[in-house]
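Working through the structure, step by step
What follows is each chain in one-letter form.
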Amino acid sequence: RLRTKATTTRCSWDSRPWQNTTQSTWKEIDASSCNKIFKKALLEKYDLHYPNGLNYEDFCFFFQMLTVSKKMYCLPEYLYHYRRHNGSIMVETFNAKNIKALDHIKIMWVIRDFLIKNNLWENWKKTFCIALLACFDFSYRYLPKDKKYLAFDEAIPFMKRVSETDLSSLSQNQKQMWYDILNKNYVEAYFRRINFLGLTLFKIKENNIKYTIHFLGLQVFSRKRKNNIERFHIFHIPILKRKIKNA
């Protein structure tokens, strides 16, 4: 586990600490390396190391390690206290003060080269593509407003190297997000809560596929895009369906 100043990162494996790793493990535990111990034999066998000259190198290293690991164990104790100061890379990234967020896209191609080199691409290509979409969203979200175009410039040339066959296992929504990025028609995910006296009155979520409004935990409005059709619902009741223009 990893404890920070503001919050505690919990491992979702607390109830069953010893588990086989799966292709969803990268989403279940944090990617930070400072609260983990890795098997030396795996490091040597696969020549695993941090990429030079890139930020967020711990995610790159952890993802590669995950692809060649069979089991992981999560200790219930908090053994590492992580402090984030105002001048840290992550704080500067979250404040969109520089273009370091671009490295989230760059590390994915280090991972892709690793998968291909070790004959792991066929088994991990779907997970890789999903992780790439998440990393693009992170980069786009935290780039300065006048530098967001750099996320497209960095991602599109590499995304074009991924074949249509490799995308076949993605969901319809994931494919839509992929093509929206290629067409520079991407809208970053948006999330906001409106609270009163500790109670969430409204919750608003938006991305390229879906826009929803929740009131007191109940979905009261949604707009969804799928197969070139846009659908509107109030309390899950359909009220309008129309073809998306220029789709």
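Refer to the structure printed above.
This write-up is about the structure you can find in this document. What you are looking at is a predicted structure, and each value in this text was computed from that prediction instead of being measured.

1. Let's talk about helix α3 (residues 57–68)
Counted at 1.5 Å a residue, the expected span for α3 with its 12 residues is 16 Å, and the 17 Å between its end C-alpha atoms agrees. Most of α3 is tucked away: 10 of the 12 residues are buried. Along α3, the residues that are buried comprise Phe59, Cys60, Phe61, Phe62, Phe63, Gln64, Met65, Leu66, Thr67 and Val68.

2. A short note on the pattern of salt bridges
Under the counting rule described, the total for this entry stands at eight salt bridges. For aspartate 166, the salt bridge identified is with lysine 125, shortest N-O distance 3.4 Å. In this pair, aspartate 166 sits in helix α8 (residues 164–167) while lysine 125 sits in helix α6 (residues 121–142), placing the two residues 41 residues apart along the sequence. Between arginine 141 and aspartate 137 there is a salt bridge; the shortest N-O distance is 2.6 Å. Of this pair, arginine 141 and aspartate 137 both sit in helix α6, four residues apart, roughly one helical turn. Taking the relative accessible area as the measure of exposure, arginine 141 reaches 28% and is therefore partly exposed.

3. Observations regarding the packing of aromatic side chains
In the structure shown here, the tally under the stated rule is 18 aromatic pairs. Among the aromatic side chains, those forming a connected cluster through ring pairs are Trp26, Phe59, Phe63 and Trp124. One cation-aromatic arrangement involves arginine 112 over tryptophan 121; the distance from NZ or CZ to the ring centre is 5.1 Å. The ring of tyrosine 140 has lysine 148 sitting right over it, with the charged end atom 5.0 Å from the ring centre.

4. Considerations on the side chain of glutamate 230
The residue glutamate 230 is located in strand β10 (residues 229–234) in this model. Within the local environment of glutamate 230, its side chain forms a polar contact with the side chain of arginine 223, the two groups lying 3.3 Å apart.

5. Section: the nonpolar core
With 54 residues, the main nonpolar core has Phe59, Phe128 and Phe136 as its most contacted residues. For this core, the elements supplying multiple residues, two or more each, are α3, α5 (103–117), α6, α7 (149–159) and α9 (172–182). Of all the elements, α6 adds the most residues to this core, at 12 residues. Filtering out sequence-adjacent residues up to four positions away, phenylalanine 59 remains in contact with Trp26, Ala31, Ile107, Met108, Ile111 and Cys135.

6. Regarding the packing of α3 against α5
For the pair α3 and α5, the least separation of the axes is 9 Å and the interaxial angle reads 25 degrees. With respect to α5, the axis of α3 lies roughly parallel. Two packed elements cross with a definite hand, and for α3 against α5 that hand is right-handed. Contacts between α3 and α5 involve Phe59, Cys60, Phe63, Gln64, Thr67 and Val68 from the first element and Ile107, Met108, Val110, Ile111, Phe114 and Leu115 from the second. Considering only residue class, the contact of α3 with α5 consists of 10 nonpolar, two polar and no charged.

7. Section: the environment of phenylalanine 215
Here phenylalanine 215 is to be found in strand β8 (residues 210–215). Under the relative-accessibility criterion, phenylalanine 215 is labelled partly exposed at 36%. Residues phenylalanine 215 and lysine 203, 12 residues apart in the sequence, show an inter-C-alpha distance of 6.6 Å. With sequence-adjacent residues up to four places away left out, phenylalanine 215 is seen in contact with Leu201, Phe202 and Val220.

8. Section: a nonpolar patch on the surface
A contiguous nonpolar surface patch, about 550 Å² in accessible area, is contributed by Leu218, Ile234, Phe235, Ile237, Ile239 and Leu240. By residue number, the principal contributor to the nonpolar patch is strand β11 (residues 237–243), which donates three residues. Examined against the element boundaries, phenylalanine 235 turns out to sit in the loop between β10 and β11. Taking the relative accessible area as the measure of exposure, phenylalanine 235 reaches 45% and is therefore partly exposed.

9. Here we look at unusual backbone geometry
The phi angle at tyrosine 56 is positive, at roughly 60 degrees, despite the residue not being glycine. Assignment of secondary structure puts tyrosine 56 in the loop between α2 (40–45) and α3. Here the phi dihedral of leucine 216 falls at roughly 50 degrees; this positive angle occurs in a residue that is not glycine. Along the chain, the position of leucine 216 falls in the loop between β8 and β9 (218–226).

What counts and how
Residues numbered from 1 in each chain as written. Predicted model: local features only at pLDDT ≥ 70, side-chain atom pairs only at ≥ 80, totals over all residues. Heavy atoms only, no water. Helix = DSSP H or I, 4+ residues; strand = E, 2+ residues; numbered from the N terminus. Expected span 1.5 Å × (residues − 1). Buried < 20%, exposed > 50% of the residue type's maximum accessible area, 1.4 Å probe, protein only. Salt bridge = Lys/Arg side-chain N within 4 Å of Asp/Glu carboxyl O. Phe/Tyr/Trp six-rings, centres within 6.5 Å; stacked < 30°, edge-to-face > 60°. Lys NZ or Arg CZ within 6 Å of the ring centre and 35° of its normal. Polar contact = N/O pair within 3.5 Å; in protein donor to acceptor, adjacent residues only side chain to side chain. Core = buried A, V, L, I, M, F, W, Y, C linked by side-chain atoms within 4.5 Å. Contact = heavy atoms within 4.5 Å. Axes fitted to C-alpha atoms, helices over the stretch in contact; angles between N-to-C directions. Parallel < 35°, antiparallel > 145°, perpendicular 65-115°, else oblique. Left-handed = near helix turned anticlockwise from the far one by under 90°. Nonpolar A, V, L, I, M, F, W, Y, C, P; charged D, E, K, R; others polar. Patch = residues over 30% accessible without salt bridge, like charges linked within 9 Å, V, L, I, M, F, W, Y side chains within 5 Å. Areas by Shrake-Rupley, 256 points an atom, 1.4 Å probe, with all protein chains shown as cover.

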